[in-house]
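# Geometric and topological summary
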Amino acid sequence: MAEHDQPQLTAAEKAKVAWYIGRMAKRGLAGEKVYQGDLERKLEGVLEGARKRHERETTQQ
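Every chain is numbered on its own, with residues counted from 1 as its sequence reads. The model is predicted, so local features are restricted to residues of pLDDT at least 70 and side-chain atom pairs to those at 80 or more, both for listing and for counting; the totals for chains, interfaces and linings are taken over all residues. As a convention, hydrogens and water are excluded, and side-chain values are obtained from all of the structure's heavy atoms.

## Observations concerning helix H1 (residues 11-30)
Because each turn of an α-helix spans 3.6 residues, side chains separated by three or four positions in sequence point in the same direction. Labels follow the DSSP assignment, with helices taken as runs of H or I lasting at least four residues and strands as runs of E lasting at least two, numbered in each case from the N terminus. For a helix, the expected span equals 1.5 Å multiplied by the residue count minus one. The terminal C-alpha atoms of H1, which comprises 20 residues, lie 29 Å apart, in line with the 28 Å expected from a rise of 1.5 Å per residue. We call a residue buried when its accessible area falls under 20% of the maximum for its residue type, exposed when it is over 50%, and partly exposed in between, using a 1.4 Å probe and counting protein chains only. Of the positions making up H1, those classed as buried are Glu-13, Val-17, Tyr-20 and Met-24. Down the axis, H1 shows its buried residues gathered within 70° of arc, on one side only. Exposed residues on H1 whose side chains face more than 90 degrees from its buried face are Ala-11, Trp-19, Lys-26, Leu-29 and Ala-30. The contact definition used throughout considers only heavy atoms, calling two residues in contact when any of these lie within 4.5 Å. The inward-facing, buried residues of H1 abut helix H2 (37-60). Once H1 finishes, Gly-31 follows within two positions and takes phi at roughly 145°, a positive value. The arc under discussion is defined with respect to the helix axis, by the directions toward the C-beta atoms.

## As for the nonpolar core
In this structure, Val-17, Tyr-20, Met-24, Leu-39, Leu-43, Val-46 and Leu-47 together form the largest nonpolar core, which totals 7 residues. Secondary structure elements with two or more residues in this core: H1 and H2. With 4 residues, the top contributor of residues to this core is H2. Not counting residues within four places of it along the chain, the set of residues in contact with Leu-43 comprises Val-17, Tyr-20, Ile-21 and Met-24. Throughout this description, the term nonpolar core refers to a set of buried Ala, Val, Leu, Ile, Met, Phe, Trp, Tyr and Cys residues connected via side-chain atoms within 4.5 Å.

## A look at the pattern of salt bridges
Basic side-chain nitrogens of Lys or Arg form a salt bridge, by our definition, when they fall within 4 Å of a carboxyl oxygen of Asp or Glu. For the structure on display, the rule yields 5 salt bridges. Linking Asp-38 and Arg-27 is a salt bridge whose minimum nitrogen-to-oxygen distance equals 2.7 Å. One end of the pair, Asp-38, is in helix H2; the other, Arg-27, is in helix H1, with 11 residues separating them in the sequence. Look at Asp-38 and you get partly exposed, because its relative accessible area is 22%. A salt bridge links Glu-44 to Arg-51, with the nearest nitrogen and oxygen atoms 3.0 Å apart. Residue classification places Glu-44 among the partly exposed positions, given a relative accessible area of 38%. Connected via shared salt-bridge partners are Glu-13, Arg-53 and Glu-57.

Everything listed is a geometric property; what it means functionally is a separate question.
Encoded structure:
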């Protein structure tokens, strides 16, 4: 999915994305072999929720 295909994020979703990216960056400083899969899944979950919300909103209009 292209960057421009991403739905608009709510303020809460933006805060969660920023939090997870910040935590990923902090773990990245610890080394390349530090596991980040859990944070990547959480981040993808937030983005998937935003996509589903966007689809619901566009079908209701």
